[in-house]
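Observations on the three-dimensional arrangement
Read off the chains here:
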Amino acid sequence: SSTMKEGKIVQWAKAEGEMVEAGDIVMVVESDKADMDVESFESGYLAKILVDEGGAADVGAPVALLVENKDDIGKVVAPAASAAPAAAPAAAAPAPATPAPAAAPKAASAPAASGDRVVASPLAKALAAEKGIDISTVTGTGPEGRITSSDVEAAIASGTAGKSADGPKIPSIIPPGTIVAGPAARKAAKQNGIDL
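Everything numeric in this text was worked out from a predicted model, so none of it was measured. (Residues numbered from 1 in each chain as written. Predicted model: local features only at pLDDT ≥ 70, side-chain atom pairs only at ≥ 80, totals over all residues. Heavy atoms only, no water.)

Section: the pattern of salt bridges
Going by this rule: Here a salt bridge means any side-chain nitrogen of Lys or Arg lying within 4 Å of a carboxyl oxygen belonging to Asp or Glu. Helix and strand definitions here come from DSSP, where helices need a minimum of 4 consecutive H or I residues and strands a minimum of 2 consecutive E residues; each element is numbered from the N-terminal end. With a 1.4 Å probe rolled over the protein chains alone, any residue whose accessible area is under 20% of its type maximum counts as buried; one over 50% counts as exposed, and the rest are partly exposed.
Following the criterion strictly, the structure yields 5 salt bridges and no others. Between Glu30 and Arg146 there is a salt bridge; the shortest N-O distance is 2.2 Å. On the criterion of sequence distance, the pair formed by Glu30 in strand E3 (residues 25-30) and Arg146 in the loop between helix H2 (122-131) and helix H3 (149-158) is long-range, its members being 116 residues apart. For Arg146, a relative accessible area of 10% corresponds to the buried category. Between Arg146 and Asp35 there is a salt bridge, with the nearest N and O atoms lying 2.6 Å from each other. Separated by 111 residues along the polypeptide, Arg146 in the loop between H2 and H3 and Asp35 in strand E4 (residues 35-39) bring together distant segments of the chain. According to the relative accessible area criterion, Asp35 is buried, its value standing at 18%. The network of salt bridges with shared partners includes Lys14, Glu18 and Asp24.

In structure tokens form, the structure reads like this:
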């Protein structure tokens, strides 16, 4: 969003130390309007996550460190960790940044009651639809009970997820009832008097 000043990290799709290719989805960010998948512009290894899930960051602020070679992870993480204590007293002087409040661990929310609005990340909704899971039967462990893709995967693995009445959904941009035929098939159908 062009008016977005800050984003909340809903979910990290990659873990520290994991290989990231350019174009891979690295995280899901909640803006003032929607949840968005954020892709990496570079390839490398995710050396350090600077803003945890549930944390917020200004647009353009670093939220993670990416290194080109896996061997460089230790070189980047160690200086960042040792520099943090030295920087803390200086930051406390003029205008300290507002620290994220230490939140008490939240209990997992109960699955949504029938008819209630289900708060889930777009990735979780897509995964549930793909696997034929009724997302309202999944218990959310994300911020404020938000259902994440990890919650959907855990519910599938444990067998606690209810099946969707419609069954698995195959993602498609083609409207139902539309016949898909390539140029050769259309030509053959026309020659044989078949109306597509």
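Quick look at the sheet that holds E3
Basically, it comes down to this: Strand pairing requires that DSSP identify at least two bridges connecting the strands. Comment: axis = line fitted to C-alpha atoms, over the contacting stretch for helices; angle = value between 0 and 180 degrees taken between N-to-C directions.
Ordered in space as E4-E3-E1-E6, the 4 strands form an open sheet in which the pairing is antiparallel. Single-partner strands in this sheet number two, and they are E4 and strand E6 (56-58). Going across the sheet, the axis of each strand differs from the next one's by a mean of 40°, ignoring polarity. In this sheet, E6 lies alongside strand E1 (residues 6-12) in antiparallel orientation, the contact comprising 3 bridges. Bridge pairing in E6 places Lys8 opposite Ala56.

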